[in-house]
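For reference, the chains in residue letters:
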Amino acid sequence: MKMLWVLLLVLSWVPGAPAVPAQRRSCHKRLLREHSCHSVPAGTDSLRHVHDALPHHFWEGKGCQVICYCNLNELLCCPKDIFFGPKISFVIPCNSQ
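Thresholds applied
Residues numbered from 1 in each chain as written. Predicted model: local features only at pLDDT ≥ 70, side-chain atom pairs only at ≥ 80, totals over all residues. Heavy atoms only, no water. Core = buried A, V, L, I, M, F, W, Y, C linked by side-chain atoms within 4.5 Å. Buried < 20%, exposed > 50% of the residue type's maximum accessible area, 1.4 Å probe, protein only. Helix = DSSP H or I, 4+ residues; strand = E, 2+ residues; numbered from the N terminus. Salt bridge = Lys/Arg side-chain N within 4 Å of Asp/Glu carboxyl O. Pairing = 2+ DSSP bridges. Axes fitted to C-alpha atoms, helices over the stretch in contact; angles between N-to-C directions. Disulfide = S-S within 2.5 Å.

**Q** Any details on the nonpolar core? Residues and values, ideally.
**A** If you look at the biggest cluster of nonpolar residues, it comprises ten residues: Leu32, Cys37, Val40, Leu47, Phe58, Val66, Cys68, Cys70, Leu75 and Cys77. Of all the secondary-structure elements, those providing two or more residues to this core are strand E4 (66-71) and strand E5 (74-79). Per-element tally for this core: the top contributor is E4, with three residues. By size, the runner-up hydrophobic cluster in this structure holds six residues, among which are Val50, Cys64, Phe84 and Ile92.

In structure tokens:
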């Protein structure tokens, strides 16, 4: 019983230790079955080309929160802060059409 009490006391001292994991969006991969990186915009309505200076990069969905990178016939999609990092993610042009 004393060990349990000590364990609870020690755990209460740990600052910022969440009891449950954070609900953070993560990256996911998606295969492009009949398309390649050159035909992504024609084959997928939810993707928009980011910029000519960033080939094979696409915004996913209606907003500009998720960005995808195309490699051969596979898309890697991540939240833009994870993909580029917080220091440069705010300068990436956003076309929210």
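**Q** Can you explain the pattern of salt bridges? Please cite residues and give values.
**A** Tallying each qualifying case throughout the model produces one salt bridge. Here glutamate 60 ties to arginine 30 by a salt bridge, and the two come within 2.2 Å at their closest N and O atoms. You can see glutamate 60 sitting in strand E3 (residues 54-60) and its partner arginine 30 sitting in strand E1 (residues 28-31), a full 30 residues away along the chain. Relative accessible area serves as the criterion here: at 27%, arginine 30 is assigned to the partly exposed category.

**Q** Before we move on, could you go through the sheet that holds E3 and cite the residues and values that matter?
**A** Strand order across the open sheet formed by five strands is E1-E5-E4-E3-E2, with antiparallel pairing between neighbours. Whereas interior strands pair on both sides, the edge strands pair on one side only; in this sheet they are E1 and strand E2 (47-51). Direction aside, neighbouring strands of the sheet carry axes that sit 35° apart on average. In terms of strand pairing, E2 meets E3 through four bridges, oriented antiparallel. When the sheet's bridge partners are listed, leucine 47 is paired in E3 with glutamate 60.

**Q** Got a sec to walk through the state of the cysteines? Specific residues and values, please.
**A** Counted under the stated rule, the structure contains three disulfides. Shown here is the disulfide that connects cysteine 37 with cysteine 70, its sulfur atoms set 2.1 Å apart. Taking the torsion about the sulfur-sulfur bond, which here is approximately -90°, the covalent link between cysteine 37 and cysteine 70 counts as left-handed. A residue pair is termed long-range when its members are at least 10 positions apart, and cysteine 37 in the loop between E1 and helix H2 (40-43) and cysteine 70 in strand E4 qualify at 33 residues. Each member of the pair, cysteine 37 as well as cysteine 70, is classed as buried. A sulfur-sulfur distance of 2.0 Å marks the disulfide that ties cysteine 68 to cysteine 77. With the S-S bond torsion at 110°, the cross-link from cysteine 68 to cysteine 77 turns out right-handed.

**Q** Any chance you could break down the pairing of E3 for me, citing the residues and the numbers?
**A** Hairpin connection of E2 to E3: two residues between the antiparallel strands. With four bridges connecting them, E3 and E4 associate as antiparallel partners. Each residue of the ladder has a partner; that of histidine 57, found in E4, is tyrosine 69. The antiparallel hairpin formed by E3 and E4 contains five residues in its connecting segment, where glycine 61 sits at a positive phi of about 80°.

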